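Topology and contacts: notes
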Amino acid sequence: MFAVHLMAFYFTKLKEDQIKKVDRFLYHMRLSDETLLDIMARFQAEMQKGLGKDTNPTASVKMLPTFVRAIPDGSEKGEFLSLDLGGSKFRVLKVQVSEEGKRNVQMESQFYPTPNEIIRGNGSELFEYVADCLADFMKTKGLKHKKLPLGLTFSFPCRQTKLEEGILISWTKKFKARGVQDTDVVDCLAKAIKKHKDIDVDILALVNDTVGTMMTCAYDDPYCEVGVIIGTGTNACYMEDMSNIDLVEGDEGRMCINTEWGAFGDDGALEDIRTEFDRELDLGSLNPGKQLFEKMISGLYLGELVRIILLKMAKAGLLFGGKKSSALHTKGKIETRHVAAMEKYKEGLANTREILTDLGLEPSEADCIAVQHVCTIVSFRSANLCAAALAAILTRLRENKKLVRLRTTVGMDGTVYKIHPQYPKRLHKVVRKLVPNCDVRFLLSESGSTKGAAMVTAVASRVQAQRKQIDKVLALFQLTQEQLKAVQGKMRTEFEYGLKRDTHLLATVKMLPTYVCGMPDGTEKGKFLALDLGGTNFRVLLVKIRSGRRSVRMYNKIFAIPLEIMQGTGEELFDHIVQCIADFLDYMGLKGAQLPLGFTFSFPCRQTSIDKGTLIEWTKGFKATDCEGEDVVDMLREAIKRRNEFDLDIVAIVNDTVGTMMTCGHEDPNCEIGLIAGTGSNMCYMEEMKNIELVEGDEGKMCINTEWGGFGDNGCIDDIRTQYDEKVDEGSLNPGKQRYEKMTSGMYLGEIVRQILIDLTKHGLLFRGQISERLRTRGIFETKFLSQIESDRLALLQVRRILQQLGLDSTCEDSIVVKEVCGAVSRRAAQLYGAGLAAIVEKRREDQGLENLKVTVGVDGTLYKLHPHFSRILQETVKELAPRCDVTLMLSEDGSGKGAALITAVAKRLQQAQKEK
């Protein structure tokens, strides 16, 4: 028993001594946590450098865009071919991807050798050999007369400008074929395949093996957005935000970046951690000074590093009694598989003895322990360096997403990772230590480089097919110059119909006289009350106008109008309005004052004087009974009487559009058009009295409230209406009415978008084909979301957050499509507004017999004010359709409040002048 303990003690002591000896000799290969964090920071800086347009040429980490913009979503299906060139063997696969509710992939493959004379010979011979192998495979599998999409996994650094192209930057590993560098490898392969007349393939994608690894794992786990290979070579790729990739046009979405991290340190950034052994290995390699990070990590070099270290230790008398064998002097005699075998948990020491004996050495027990520890230090350093660079990528992903904690999956592949007994455990442990705020799942890829190429090809063909369908839908909203000119012409015709007595009743654009016959001249003064009813809120204002300096001061209070009152009885609605006025007068201490009042009533009214307005029909969601066909000023007077608390002098009933024009006219005498682009859509302008057949008199001008929202109710613009417009119309409170408004105003644009999103989702083009309950809810997609989503400053991440509020779990690709849909709908709205406005400015120019017209348009409304591109597109359209009109758009400051007071003030001034006459 004592002997056993003595033996155990002796062995432990021997082991400790050997480990200490090796640790001293390889002191520089041990990396502290502090050093690893420093390397992580250096790699982050290198990534940033590689992504920048100006800094990329000098960056050692090339950060190559791969043009892979989407990961599998599970709806991929079909038959694909895949080639894998880059490792010790060349492989051809047929991959069958079937959808049927479950992710199912079947593969058949064939390996072909890659002889040295081929991979280091002439480039054209290399590709001809690949094409011959492909033809042989297709013949064997009976695929000769099928047209199949093909993905090529090409595991060398390539510069891409599209998915199906790759300019070889440089060969790595053991490849050295002549005449291929700086040429398009896809083109080389396509030419070689063309020589085989009996096979028909379409090369859709060139993929790096690392990207293939990520894609394969992403098919099984949608959280996967990083791929890492630690095999013969080493590399990593990840999904980067397009807005950070200077090398590629466009800011939308994400793209997979192939880091080519093997070259990290080629600029000297890692000199402080490279050892004499690394330098010796590099000098004896095929590419001295290149791929320095890879030479410290990958399977092609780990065995060689161990051999160099053992030789040096033997020379120093620290191993094998100072004896060396010729095999130990021979490059490449120790391979990475040997390193893995020596580090095995139980049989490691026995394996070490056997491997060293095969090298012609006579190792002692102590030698075997020391050599095993050398292997551990070399492979542990490899795992540490890998972990530091991977931690930098994970940190970047977390920061891109602005998350406190990141949940992600890393797809892993490569012989070192797969066959080395301790490597994965060490790598995972160090990564988790370096980035404690990332929850990382490591997923081993199953035939990543080949299945991955098929997956990229499958995704590419899915995206291609989906893109066609999405573009088809978006095309419905893209109006040509001819179509816009036609809208302009039809609008002009409807204006004329509305102004003429004989055709007025049939006209869809009502051209209502407002009895507002003058614009402010600066002499207006006094205190006025204004009421503003036109949406879900109601305002009461006190407006103080001072003459001379054109100064206006306003005090107001906002009151909500509940839905039950909007859609109750007329009496209830006007009693509610009077209640709000009473509250305001109390609040302002004006209970006894009898002030002149302007009533902004933003619904179609037929007026017979400035203070008489008969409601034609409700719009914008109002449905109060017993109002249509009634004089709303009388209804307001009746309600004031019923309350019997105060009396008011109701001077004018005003449309908000007219108020908008008046407000801007107070500041700019050139303003004689008012435009509303908000919840509703309308336009007014100053018309010559002689053209208004509905009103007596030919002198002067009068403001016409066009009520153009009804344009198209006679079917004249049906050619540009879409199925989505029809759906919105059918579900509205007034089907068949206000068709132009339903294509242009803020009340409806969000609903058009919702209808398109539902349709695209039904066709499996969005949200993985899942329609959420909230998306089924009418009105849920408010127009404010369009303005937010289309904001140039808004990253896709924020778009996804908005969609999440709507219960829509969107991918990055979904967010891009939603943004495009919003853009198409709002662009069309702005262009239709532009066509309508072009019709009126051209009419004014011609009526006045002018060569060129200079005019200001007062504009108000949330759509115009809040949407990031609406005003620009509106202005561009008017310029294109009415080139002889110089139109200035002026944002109105509170048209419906201040404007109502100004109209009341102008009406009072004109009344006074009339009296004096």
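What you see is a predicted model, and the numbers here were worked out from it, not measured in a lab.

Attention now moves to the overall build of the protein. Helix and strand content of the protein: 31 helices and 26 strands. Whereas a compact globule of 917 residues would reach a radius of gyration of roughly 29 Å, the protein reaches 38 Å, over 25% beyond that. Overall size of the protein, expressed as C-alpha extent along the three principal axes, is 130 × 70 × 50 Å. When burial is assessed residue by residue, the protein has 59% of its 917 residues classed as buried. Once local pairs closer than 6 in sequence are excluded, the contacts in the protein between residues at least 24 apart make up 70%. Put simply, the protein shows about 38,000 Å² of open surface, and 50% of that area lies on carbon and sulfur atoms. Charged side chains of the protein number 125 positive and 126 negative; the gap between the two group centres comes to 5 Å.

Residues Ile230, Trp261 and Leu394 are the most contacted members of the largest nonpolar core, which totals 115 residues. With 19 residues, helix α13 (residues 365-400) is the single largest residue contributor to this core. Among residues more than four places away in sequence, those in contact with isoleucine 230 are Ile297, Cys386, Met412, Asp413, Gly414, Thr415, Val416, Tyr417, Tyr423 and Leu427. With 84 residues, the next largest nonpolar core counts Phe477, Met743, Ile771 and Cys885 among its residues.

Burial within strand β3 (residues 89-98) is extensive, with eight of its ten residues counted as buried. By the bridge criterion, seven bridges tie strand β2 (residues 78-85) to β3 in an arrangement that is antiparallel. Each residue of the ladder has a partner; that of phenylalanine 80, found in β3, is valine 95. Relative to strand β4 (residues 104-113), β3 runs antiparallel, the two being bridged by ten bridges. Residue pairing across strands places glutamine 96 opposite glutamine 106, the latter belonging to β4.

The subject of this paragraph is the sheet that holds strand β12 (residues 406-413). Pairing within the open sheet is mixed, and its six strands lie in the order β1-β11-β10-β9-β12-β13. Either end of the sheet is taken by a strand with one partner, and the two such strands are β1 (64-65) and β13 (438-444). Relative to β12, strand β9 (residues 224-230) runs parallel, the two sharing five bridges. Opposite valine 228, over in β12, you have methionine 412 as the bridge partner. Packed on one face of the sheet, helix α6 (residues 209-220) meets β9, β10 (234-241), β11 (254-258), β12 and β13 and runs near 135° to β9. Packed onto the sheet, helix α15 (residues 423-434) meets β9, β12 and β13 and runs at close to 160° relative to β13.

Attention now moves to the packing of helix α2 (residues 33-51) against α13. Put simply, α2 and α13 touch, their axes get as near as 8 Å, and they point 55° apart. Regarding the angle of α2 to α13, the classification is oblique. Viewed along their axes, α2 and α13 form a crossing whose handedness is right-handed. Contacts from Leu36, Ile39, Met40, Phe43, Gln44, Met47, Gln48 and Leu51 in α2 reach Asn384, Leu385, Ala388, Ala389, Ala391, Ala392, Ile393, Thr395, Arg396 and Glu399 in α13. Looking at the contact of α2 with α13 residue by residue, the classes come out as twelve nonpolar, four polar and two charged.

Relative to the elements of secondary structure, glutamate 165 occurs in the loop between β6 (158-159) and β7 (167-168). It is lysine 162 that comes nearest to the buried, bridge-free glutamate 165 among opposite-charge side chains, at 4.2 Å. The contact partners of glutamate 165, leaving out residues within four places of it in the chain, are Arg159, Gln160, Asp184, Val186 and Leu206.

The sheet built from five strands is open, its strands ordered β17-β16-β15-β18-β21 with mixed pairing. Strands with a single pairing partner mark the edges of an open sheet, and in this sheet they are β17 (551-560) and β21 (649-654). Taken over all neighbouring pairs, the strand axes of this sheet differ in orientation by 20° on average, direction set aside. Lying over the sheet, helix α20 (residues 570-588) contacts β15 (526-533), β16 (537-546), β17 and β18 (596-601), oriented at roughly 130° with respect to β17. Against the sheet, helix α21 (residues 632-643) touches β15, β18 and β21, its axis set at about 145° to β21.

Using the criterion set out here, one finds 23 aromatic pairs in the structure. Arranged with centres 5.8 Å apart and planes meeting at 35°, the rings of phenylalanine 25 and phenylalanine 277 form a pair that is tilted. In this pair, phenylalanine 25 is assigned in helix α1 (residues 2-25) and phenylalanine 277 in helix α7 (residues 276-283), connecting sequence segments 252 residues apart. With a centroid separation of 6.2 Å and an interplanar angle of 40°, the aromatic rings of phenylalanine 90 and tyrosine 112 are classed as tilted. In this pair, phenylalanine 90 is assigned in strand β3 and tyrosine 112 in strand β4, connecting sequence segments 22 residues apart. In this structure, arginine 407 packs its charged tip against the face of tyrosine 223, placed 3.8 Å from the ring centre. Looking at lysine 557, its charged tip hangs above the ring of tyrosine 587, at a distance of 4.6 Å from the centre.

Procedures and definitions
Residues numbered from 1 in each chain as written. Predicted model: local features only at pLDDT ≥ 70, side-chain atom pairs only at ≥ 80, totals over all residues. Heavy atoms only, no water. Helix = DSSP H or I, 4+ residues; strand = E, 2+ residues; numbered from the N terminus. Rg over C-alpha atoms; globule rule 2.2 N^0.38 Å. Buried < 20%, exposed > 50% of the residue type's maximum accessible area, 1.4 Å probe, protein only. Contact = heavy atoms within 4.5 Å. Areas by Shrake-Rupley, 256 points an atom, 1.4 Å probe, with all protein chains shown as cover. Lys, Arg positive; Asp, Glu negative; His and termini not counted. Charge placed at Lys NZ, Arg CZ, Asp CG, Glu CD. Core = buried A, V, L, I, M, F, W, Y, C linked by side-chain atoms within 4.5 Å. Pairing = 2+ DSSP bridges. Axes fitted to C-alpha atoms, helices over the stretch in contact; angles between N-to-C directions. Parallel < 35°, antiparallel > 145°, perpendicular 65-115°, else oblique. Left-handed = near helix turned anticlockwise from the far one by under 90°. Nonpolar A, V, L, I, M, F, W, Y, C, P; charged D, E, K, R; others polar. Salt bridge = Lys/Arg side-chain N within 4 Å of Asp/Glu carboxyl O. Phe/Tyr/Trp six-rings, centres within 6.5 Å; stacked < 30°, edge-to-face > 60°. Lys NZ or Arg CZ within 6 Å of the ring centre and 35° of its normal.

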